[in-house]
Amino acid sequence: MATRRSVSAHLWIPVAFFLCIVGGGRSFYLPGVAPEDFEKGSVLMVKVNKLTSTKTQLPYSYYSLPYCSPEKIVDNTENLGEVLRGDRIENSVYVFNMREPQSCKLACRKVLTAKDAKHFKEKIDDEYRVNMILDNLPVVVPLKRQDQESATFYQHGFLVGIKLHERGSTEQKYYIHNHLHFTVKYHKGDSVDTARIVGFEVRPYSVKHEYEGDWSEQISLSTCNPHAQRFVAEADAPQEIEENNEIIFTYDVEFQESPIKWAYRWDTYLLMNDDQIHWFSIVNSLMIVLFLSGMVAMIMLRTLYRDISKYNQLETQEEAQEETGWKLVHGDVFRPPSNSDLLCVYVGTGVQFFGMVLVTMIFAMLGFLSPSNRGGLMTAMLLLWAFMGLFAGYSSARLYKMFKGTEWKKVTLKTAFMFPGVVFAIFFVLNALIWGEKSSGAVPFGTMFALVFLWFGISVPLLFVGSYVGFKKPAIEDPVKTNKIPRQIPEQAWYMNPTFSILIGGILPFGAVFIELFFILTSIWLHQFYYIFGFLFIVFVILIVTCAEITVVLCYFQLCSEDYLWWWRSYLTSGSSALYLFLYAAFYFFTKLEITKPVSGMLYFGYMLIASYAFFVLTGTIGFYACFWFTRLIYSSVKID
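Residues numbered from 1 in each chain as written. Predicted model: local features only at pLDDT ≥ 70, side-chain atom pairs only at ≥ 80, totals over all residues. Heavy atoms only, no water.

## A short note on the overall build of the chain
Here is step 1: The helix and strand inventory of the chain stands at 18 helices and 15 strands.
Here is step 2: Taking all 641 residues of the chain together, the buried fraction comes to 51%.
Here is step 3: The contacts of the chain with a sequence gap of at least 6 include a subset with a gap of at least 24, amounting to 80%.
Here is step 4: Of the roughly 30,800 Å² of accessible surface on the chain, a fraction of 60% belongs to carbon and sulfur atoms. (Helix = DSSP H or I, 4+ residues; strand = E, 2+ residues; numbered from the N terminus. Buried < 20%, exposed > 50% of the residue type's maximum accessible area, 1.4 Å probe, protein only. Contact = heavy atoms within 4.5 Å. Areas by Shrake-Rupley, 256 points an atom, 1.4 Å probe, with all protein chains shown as cover.)

See the structure below:
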């Protein structure tokens, strides 16, 4: 099925950048996702999406199980983000007519083989959920909260089936949800007879259907017959899954008028179960970090002002010789570091990642990347990554020229291939594991080609353009001259040990984001919607400020103790927060997730390793540039003879 997806479906992406990133904030929708009006009796086609499980994290296509299928299964053309998420959207046998209720509608009859029964049981064991779509709305199961009688919350998709213990027996039996009661909610205009769909709910039942005589498509079921006023109820005998068992799939559909307008129809999907805790936690986190940042900034400004005034008032050579501190290392502070080309590569990559995150968040806040646009967020991030190669090349070349480097093409190639190469290698291994599990999450060849095209066809050429422009510009001048002979670094106190100070430096940036990180991990791994991009942007700004300030403070202490090797340490100080992120991801895995399959565990840690690596280059680059600006500022403020 994957091979049927055409390569060309993904190669128009760079041309149609803004058309890809569609979606909507409240009542702000781009062309292509305009509301659709349905007249009474209009045909409504329900589409089926992947089967998902939080226990395995491996999506499967709907028809990987022997469900009822139409004569011809038609694939929807998915965008790049949807394919990478494992979405496989196809047509189904469930067809409604707008505002025309139906009861006990027959979908199909199946007799299970041993293989079919085994597949169903495996999916029930792993708590797989079936996902369907009507008018771009995913199906939800409404549930009442136990602690609040009136409150309703929604679960995405319905369970394939359930397993129960027989009374007085330890044996578990498996039952399939073979009857679906759909509720389609619609909003009707005052003056027109057309209506818009604003809700799509389902209540699944397991019922052992019965009938008299031989089977035919027109037969009347004794367990579900609208003429006899006999409808499916919870008390009905459930349908067990066993070899040679006959399963009859049926469905009802009812239509309910709703006061919810079309522009607000996603609000019920986005209601969070613990919204008050969420808001309070984020505000609390921001207050703590802002307070710490204020303290740090105040100390820095007062101390530095005193230092610079004191250094500039020294009149005699004797006084200068007696003085200690950061001014003494002025002849070595801008000496190029060891592995300077590698530092240029990582700084360039960090600039690329920073640009991608910043622009993605701006688009998301404007409502372009709402959940109604499946795959839009991932598509946007991949495209922006490719286009931000221009800035990566420029920043790495500028820094390389400052270090008196001459082989700019070599550094550009390293920038183009180091970070994406590592990520692509991990991704390729994980994709091979998913292929082995026959999951729909495996990226097909066409999409893999599209990713390689984005990398080699757009990102790499732009990197070279940026590098060429950056290298042609005059080199950045150091504010002070560098001595020919390196100064000896005195023995440092234990707390100024590089490893210790680097590990300490990562705690504060991680502290700024870890509460928000919990909600992001929940949305990814527990299949919930994440949409509070406004708050995420505030957290991102706080992360930038925190990374910058903690790096500057530790850099200042380092220079005061006459250690001038700050280049790499400034990058690693804030970058070490990625280590805490990965450790937190491991903690989350063991405390919040119920993953038992080794392959699923490898997927989780593989993707979190990629995320931590990306966080490392992002935070490291922020810390580096803050320290770079700080050292240039203070050394240009003092009089050097």
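Picking up after the structure, the text goes on.
## Focus: the nonpolar core
Here is step 1: If you look at the biggest cluster of nonpolar residues, it comprises 93 residues, and the most contacted ones within it are Trp-326, Leu-559, Trp-566, Trp-567, Tyr-604, Phe-624 and Tyr-635.
Here is step 2: The leading source of residues in this core is helix H18 (residues 598-637), at 16 residues.
Here is step 3: Apart from residues no more than four positions distant in its own chain, Tyr-604 is found in contact with Leu-521, Trp-525, Ala-585, Tyr-588, Phe-589 and Leu-593.
Here is step 4: Listed in part, the 54 residues of the second largest apolar core include Leu-51, Leu-137, Tyr-174 and Tyr-269. (Core = buried A, V, L, I, M, F, W, Y, C linked by side-chain atoms within 4.5 Å.)

## Observations regarding the pattern of salt bridges
Here is step 1: Taken as a whole, this structure holds 19 salt bridges when the rule is applied.
Here is step 2: Taking the shortest distance from any N to any O, the salt bridge between Asp-193 and Arg-99 comes out at 3.3 Å. Taken together, the positions of Asp-193 in the loop between strand S13 (179-188) and strand S14 (195-205) and Arg-99 in the loop between strand S4 (90-97) and strand S5 (102-111) put the pair 94 residues apart, joining distant regions of the chain.
Here is step 3: Overall, Arg-99 belongs to the buried group, its relative accessible area being 14%.
Here is step 4: Note that Arg-335 and Asp-332 form a salt bridge whose closest N and O atoms lie 2.6 Å from each other.
Here is step 5: By relative accessible area, Arg-335 is classed as buried at 18%.
Here is step 6: One network of salt bridges, with partners in common, ties together Lys-50, Arg-85 and Asp-87. (Salt bridge = Lys/Arg side-chain N within 4 Å of Asp/Glu carboxyl O.)

## A look at the state of the cysteines
Here is step 1: Throughout the structure, instances matching the rule amount to two disulfides.
Here is step 2: Residue pairing for Cys-68: its cysteine sulfur links by disulfide to Cys-108, the two sulfurs lying 2.0 Å apart. Where Cys-68 bonds to Cys-108 through sulfur, the torsion about that S-S bond is close to -80 degrees, and the disulfide is left-handed. With Cys-68 in the loop between strand S3 (43-52) and helix H3 (80-85) and Cys-108 in strand S5, this residue pair connects regions lying 40 residues apart in the sequence. For the pair Cys-68 and Cys-108, one class covers both residues: buried.
Here is step 3: In this model Cys-104 forms its disulfide with Cys-224; the gap between the sulfur atoms is 2.0 Å. Judged by the sign of its S-S torsion, about -85 degrees, the cystine formed by Cys-104 and Cys-224 is left-handed. Highlighted residues: Cys-104 in strand S5 and Cys-224 in the loop between S14 and strand S15 (246-257), separated in sequence by 120 residues. Of the two residues, Cys-104 and Cys-224, neither departs from the other in class, the shared state being buried. (Disulfide = S-S within 2.5 Å.)

## Re the packing of helix H11 (residues 408-436) against helix H12 (residues 445-472)
Packed helices, taken two at a time, are described by their axes: the angle between them and the distance between them.
Here is step 1: Taken N-terminus to C-terminus, the directions of H11 and H12 make an angle of 160 degrees; their axes are 9 Å apart at the nearest point. Overall, the two elements H11 and H12 adopt an arrangement that is roughly antiparallel. Relative to H12, the crossing made by H11 is right-handed. (Axes fitted to C-alpha atoms, helices over the stretch in contact; angles between N-to-C directions. Parallel < 35°, antiparallel > 145°, perpendicular 65-115°, else oblique. Left-handed = near helix turned anticlockwise from the far one by under 90°.)

## Some thoughts on the confidence of the model for the chain
Regions with low pLDDT carry predicted coordinates that are not meant to be interpreted in detail.
Here is step 1: Confidence in the prediction for the chain averages 84 pLDDT; 89% of positions are at 70 or higher.
Here is step 2: Note on residues 1-32: pLDDT under 50 across the span, and 75 contacts to partners over four residues away in sequence or across chains. (pLDDT = per-residue confidence, 0-100.)

## What about the packing of aromatic side chains?
Given two aromatic rings, one states the distance between the centres and the angle between the planes to describe the pair.
Here is step 1: The tally for this structure, following the rule as stated, stands at 56 aromatic pairs.
Here is step 2: Taking the centre distance of 6.1 Å and the plane angle of 65 degrees together, the rings of Tyr-346 and Tyr-571 count as edge-to-face. Taken as a pair, Tyr-346 in helix H8 (residues 340-365) and Tyr-571 in helix H16 (residues 567-575) lie far apart in primary sequence, 225 residues in all.
Here is step 3: Ring geometry for Phe-589 versus Phe-590: centroids 5.1 Å apart, planes at 90 degrees, classification edge-to-face.
Here is step 4: Residue classification places Phe-589 among the buried positions, given a relative accessible area of 10%.
Here is step 5: A residue is classified by how much of its surface remains accessible, and Phe-590, at 64% relative accessible area, is exposed. (Phe/Tyr/Trp six-rings, centres within 6.5 Å; stacked < 30°, edge-to-face > 60°.)

## What about unusual backbone geometry?
Here is step 1: Within the chain, Asp-135 stands out as a residue other than glycine whose phi angle is a positive 50 degrees.
Here is step 2: Turning to its location among the elements, Asp-135 is positioned in the loop between strand S6 (129-134) and strand S7 (137-138).
Here is step 3: Its identity as a non-glycine residue notwithstanding, Lys-404 has a phi of 65 degrees, on the positive side.
Here is step 4: Residue position: Lys-404 is located in the loop between helix H10 (389-402) and H11.

## Some remarks on the packing of helix H14 (residues 507-525) against helix H17 (residues 577-592)
Here is step 1: Interhelical geometry of H14 versus H17 gives an angle of 35 degrees and a closest axis separation of 10 Å. Considering how the two elements wind past one another, H14 and H17 form a crossing that is right-handed. Two secondary-structure elements touch here, H14 through Ile-507, Pro-509, Phe-510, Phe-514, Leu-517, Phe-518, Leu-521 and Thr-522 and H17 through Ser-577, Tyr-580, Leu-581, Tyr-584, Tyr-588 and Lys-592.

## Some remarks on a nonpolar patch on the surface
Here is step 1: A cluster of nonpolar side chains, namely Leu-390, Phe-391, Val-465, Tyr-468 and Val-469, defines an oily patch on the protein surface of about 440 Å² accessible area.
Here is step 2: Sort the elements by how many residues they give to the nonpolar patch and H12 lands first, with three residues.
Here is step 3: By the element assignment, Leu-390 lies in helix H10. (Patch = residues over 30% accessible without salt bridge, like charges linked within 9 Å, V, L, I, M, F, W, Y side chains within 5 Å.)

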